[in-house]
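A closer look at the structure
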Amino acid sequence: MKNLLSFGCGNMAQAIIEGMYKEKAELSYTLYTPSNTRAIALAKNVSGTHLESLEKIPASDFYMISCKPQQLSDLAKEIKGKLNPDAVVISILAGTTTDTLKSLLGVEKVLRVMPNTPSLVGAGVNAFYFSAAVSKEEREFLTRTFESFSKVFTFEAEKEIDIITGFSGSGPAYIFEFSRILVEKMISMGIEREIATEMIKWTFYGSSKLQLESPDSSEELRNKVTSKKGVTFEALEVFKGAGFEKIVDQALDAAYNRSVELSK
Ligand SMILES: NC(=O)c1ccc[n+]([C@@H]2O[C@H](COP(=O)([O-])OP(=O)(O)OC[C@H]3O[C@@H](n4cnc5c(N)ncnc54)[C@H](OP(=O)(O)O)[C@@H]3O)[C@@H](O)[C@H]2O)c1
């Protein structure tokens, strides 16, 4: 069985590794974090091994870089030259290019992944970009493994990863923020928090399910809820009048600019 060693076991790494484990990926797991606590906890959840220090690094098939981008240089100093040169390095770091990873870690095979947190419930979106040195077999294995718990989209140009980051990577946060606003408004109008929360959760879940299962476009689905001069119509007119589309457009440009800035 192939081994995956993760440097960092935060929210995102946990979502991915638990997703792999739940779907019985043909992998064993070795987990490392500087403070040990989260590595020990994740090792327990996925029948893995906890790596206590970076002095000696096991020769794994895959190394997953799961720290924050600003923690990468510290990690790289400790692990460069100690990795199996044939392994594929999987990086989930936002904005860190394959060239940066190759030079900081002294490796050639890199899979850059832009994940999102719904991987925790088997409904994640993962965007892939492979460096040239990753073989066809390795690409197929990694695609199959991630597809067991998420939707995988492979991009041929790395700059496309900067584009999609602010959509699928950050996207869940936009949904949760919109959901929060709806819940708070419902409560302010007198509905109990528990009921408001459940109703909005199910409204989002049901709308996503309908969108996935229906051949209609988002616009058509919206129109089916919106009769002229009706309740929904009035709300959408306010969105339009306040420039909702322009605000979203500006927010997505800001996310993209930050993504490009981080890639430099
Ligand atoms: N969260 C998201 O929705 C999301 C989406 C797309 C991409 N990402 C990317 O995923 C990465 C991780 O994000 P996260 O939200 O999972 O972060 P997080 O919860 O803060 O976890 C970071 C992990 O990195 C570990 N770490 C810190 N310094 C390290 C070092 N020098 N060497 C090895 N490990 C180190 C931490 O260890 P301790 O446990 O000891 O503190 C922790 O386990 C980021 O690069 C981010 O860009 C996240």
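Residues numbered from 1 in each chain as written. Predicted model: local features only at pLDDT ≥ 70, side-chain atom pairs only at ≥ 80, totals over all residues. Heavy atoms only, no water.

1. Quick look at the overall build of the protein chain
When helices and strands are counted, the protein chain shows eleven helices and eight strands. With the principal axes as the frame, the protein chain shows a C-alpha extent of 65 × 35 × 35 Å. Split into buried and exposed, the 264 residues of the protein chain put 40% on the buried side. A separation threshold of at least 6 residues defines the contact pool for the protein chain, and within that pool the share at least 24 residues apart is 61%. Roughly 15600 Å² of accessible area belongs to the protein chain as shown, and the carbon and sulfur atoms make up 57% of that amount. For the protein chain, the centre of its 31 positive side-chain charges and the centre of its 34 negative side-chain charges are spaced 2 Å apart. (Helix = DSSP H or I, 4+ residues; strand = E, 2+ residues; numbered from the N terminus. Buried < 20%, exposed > 50% of the residue type's maximum accessible area, 1.4 Å probe, protein only. Contact = heavy atoms within 4.5 Å. Areas by Shrake-Rupley, 256 points an atom, 1.4 Å probe, with all protein chains shown as cover. Lys, Arg positive; Asp, Glu negative; His and termini not counted. Charge placed at Lys NZ, Arg CZ, Asp CG, Glu CD.)

2. A few points about the site of the ligand
The immediate surroundings of the ligand are formed by 23 residues, with C9, M12, S35, C67 and A94 found nearest. Within the backbone of M12, one N or O atom sits 2.8 Å away from an oxygen atom of the ligand. The side chain of R38 places a nitrogen or oxygen atom 3.3 Å from an oxygen atom of the ligand. Here the ligand loses 82% of its free accessible area of 920 Å² to cover by the protein chains. (Near = heavy atom within 4 Å. Polar contact = N/O pair within 3.5 Å; in protein donor to acceptor, adjacent residues only side chain to side chain.)

3. Here we look at the sheet that holds strand β7 (residues 124-130)
As summarised here, the arrangement of the eight strands in space is β3-β2-β1-β4-β5-β6-β7-β8, forming an open sheet in which the pairing is mixed. At either margin of the open sheet sits one strand with a lone partner, and together these are β3 (49-50) and β8 (150-154). (Pairing = 2+ DSSP bridges.)

4. Some words on the packing of aromatic side chains
In the structure shown here, the tally under the stated rule is ten aromatic pairs. Here F62 and F141 contribute two aromatic rings whose centre-to-centre distance is 5.5 Å and whose plane-to-plane angle is 5°, an arrangement assigned as stacked. In this pair, F62 sits in strand β4 (residues 62-65) while F141 sits in helix α5 (residues 136-147), placing the two residues 79 residues apart along the sequence. Given the relative accessible area of 7%, F141 is considered buried. Taking the centre distance of 5.4 Å and the plane angle of 85° together, the rings of W202 and Y205 count as edge-to-face. Placement of the pair is W202 and Y205 together in helix α8 (residues 193-213), with a separation of three residues, close to one helical turn. Across the ring face of F141, the terminal group of K2 is positioned such that the distance to the ring centre comes to 5.7 Å. (Phe/Tyr/Trp six-rings, centres within 6.5 Å; stacked < 30°, edge-to-face > 60°. Lys NZ or Arg CZ within 6 Å of the ring centre and 35° of its normal.)

5. A look at the domain arrangement of the protein chain
Along its sequence, the protein chain is organised into domain 1 (2-158) and domain 2 (171-263). Each of domain 1 and domain 2 has a C-alpha centre, and these two points are 32 Å apart. Taken together, the seven residues of domain 1 in the interface contact four residues of domain 2. Both sides of the domain 1 and domain 2 interface together cover about 380 Å² of buried area, and 60% of this is carbon and sulfur. For the interface between domain 1 and domain 2, the tally reads zero salt bridges. Connecting domain 1 to domain 2 are one residue pair in polar contact (both at pLDDT 80 or more). Among the residues making up the side of domain 1 that touches domain 2, the classes are represented as two nonpolar, four polar and one charged. (Domains from an automatic or database assignment. Buried area = accessible area lost by both parts, 1.4 Å probe. Salt bridge = Lys/Arg side-chain N within 4 Å of Asp/Glu carboxyl O. Nonpolar A, V, L, I, M, F, W, Y, C, P; charged D, E, K, R; others polar.)

6. Considerations on the pattern of salt bridges
Within the structure shown, the criterion is met by 13 salt bridges. When the shortest N-O distance is used, the salt bridge between E158 and R112 registers 2.8 Å. In this pair, E158 is assigned in the loop between β8 and α6 (159-169) and R112 in strand β6 (residues 110-114), connecting sequence segments 46 residues apart. For the pair formed by E158 and R112, the shared burial category is buried. Between R180 and E177 there is a salt bridge, and its shortest N-O distance comes to 2.9 Å. In this pair, R180 and E177 are both assigned in helix α7 (residues 171-188), three residues apart and thus about one turn of the helix distant.

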